[in-house]
Amino acid sequence: GAVVSQHPSWVICKSGTSVKIECRSLDFQATTMFWYRQFPKQSLMLMATSNEGSKATYEQGVEKDKFLINHASLTLSTLTVTSAHPEDSSFYICSASPRPLREGTQYFGPGTRLTVL
Amino acid sequence: DAKTTQPTSMDCAEGRAANLPCNHSTISGNEYVYWYRQIHSQGPQYIIHGLKNNETNEMASLIITEDRKSSTLILPHATLRDTAVYYCIVRPPNSGYALNFGKGTSLLVTP
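Residues numbered from 1 in each chain as written. Chains lettered and ligands numbered in written order. Predicted model: local features only at pLDDT ≥ 70, side-chain atom pairs only at ≥ 80, totals over all residues. Heavy atoms only, no water.

### Comments concerning the overall build of chain A
1) Next: Secondary structure assignment for chain A yields zero helices and 11 strands.
2) Next: When the elements of chain A are put in sequence order from the N terminus, they spell out β-β-β-β-β-β-β-β-β-β-β.
3) Next: Radius of gyration (C-alpha) of chain A: 13 Å, near the 13 Å computed for a compact globule of 117 residues.
4) Next: C-alpha atoms of chain A, sized along the principal axes, occupy 40 × 25 × 20 Å. (Helix = DSSP H or I, 4+ residues; strand = E, 2+ residues; numbered from the N terminus. Rg over C-alpha atoms; globule rule 2.2 N^0.38 Å.)

Here's what the structure looks like:
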């Protein structure tokens, strides 16, 4: 159990275009979903926290107008990278916390590799 | 969240036990110890967590010292597929808290 999926698994786009990444909890409802970003040879960095039905909370230095997060239901959150540029190329990973709570355990999606040309 | 300290890298022979240490001397009374691992180019995988008692599941065992200032993750019979970066994370169990990933330990399992 506790499976999180992401779509697409990889995407290549031109500079200036927007890209939407979906994160779904397949067999549980998620009270909270998180979005992380990972650059090569670095650790995961939290970008934002989203709760179903409310606005996302962004970490310092993450532009909320550039990285749009929509947590429309207890099983789906989306991250849209608007007007993508080459420096946005990264590995984007989502995670979800099950409801009811399991002592704070989070489950991660397989990640989405974004390459902006 | 309490800070954790892990060795940068470790090697382990296939079939042997891998013991990964973690220091968390500033851990608070309500903070749990979580272990995750990340295989190259994949999302992190939950392994195990505990508060103060030793824990065991199908993947690993977690040994927490009595003073809770350190812990050890044990992979009893390491395989090549266990090669990954292992992260020890300490935080309260509230699901509203994100996981603060440090640098972790890069474990290499060799044939």
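After that view, the rundown keeps rolling.
### Here's the deal with the state of the cysteines
Residues and elements named next belong to chain A.
1) Next: By the definition in use, this model includes two disulfides over all chains.
2) Next: A disulfide bridge connects C23 with C94, and the sulfur atoms are separated by 2.0 Å. The sign of the 80° torsion about the S-S bond sets the C23-C94 disulfide as right-handed. Here C94 lies in strand β9 (residues 90-99) and C23 lies in strand β3 (residues 19-25), a separation of 71 residues in the sequence.
3) Next: On the basis of relative accessibility, which here comes to 0%, the residue C23 falls in the buried class.
4) Next: In this structure C94 comes out as buried when scored by relative accessible area, which is 0%. (Disulfide = S-S within 2.5 Å. Buried < 20%, exposed > 50% of the residue type's maximum accessible area, 1.4 Å probe, protein only.)

### Focus: the nonpolar core
The tendency in soluble globular proteins is for nonpolar side chains to be buried side by side.
1) Next: Counting 42 residues, the largest nonpolar core has A:Y36, A:F108, A:L114, B:Y36 and B:F101 as the members making the most contacts within it.
2) Next: Leave out the neighbours within four places in its chain, and B:F101 touches A:Y36, A:S43, A:L44, A:F108, B:Y36, B:P44, B:Y87 and B:I89.
3) Next: Judged by nonpolar contacts, the second largest core, of 21 residues, contains B:A18, B:I27, B:I47 and B:A84. (Core = buried A, V, L, I, M, F, W, Y, C linked by side-chain atoms within 4.5 Å. Contact = heavy atoms within 4.5 Å.)

### Focus on the interface of chain B and chain A
Interfaces are frequently sized by the accessible area removed from exposure as the parts join.
1) Next: Taken together, the contact between chain B and chain A spans 20 residues of the former and 23 residues of the latter.
2) Next: Surface buried jointly by chain B and chain A totals about 1,600 Å² across both partners, of which 52% is contributed by carbon and sulfur atoms.
3) Next: Applying the counting criterion to the chain B and chain A interface returns zero salt bridges.
4) Next: On inspection of chain B and its partner chain A, the count reaches six residue pairs in polar contact (both at pLDDT 80 or more). (Buried area = accessible area lost by both parts, 1.4 Å probe. Salt bridge = Lys/Arg side-chain N within 4 Å of Asp/Glu carboxyl O. Polar contact = N/O pair within 3.5 Å; in protein donor to acceptor, adjacent residues only side chain to side chain.)

### Regarding the side chain of A:R37
Residue and element names in this part refer to chain A.
1) Next: Note that R37 resides in strand β4 (residues 29-38).
2) Next: Buried charge without a salt bridge: R37, with D88 as the nearest opposite-charge side chain at an N-O distance of 4.7 Å.
3) Next: If sequence neighbours within four positions are ignored, R37 has contacts with S43, L44, M45, M47, F67, S90, F91 and Y92. (Lys, Arg positive; Asp, Glu negative; His and termini not counted.)

### Some remarks on the confidence of the model for chain A
1) Next: Per-residue confidence for chain A gives a mean pLDDT of 91, with 95% of residues at or over 70.
2) Next: Here β9(A) is the element of chain A with the lowest mean pLDDT, 90, and strand β11 (residues 112-116) of chain A is the one with the highest, 97. (pLDDT = per-residue confidence, 0-100.)

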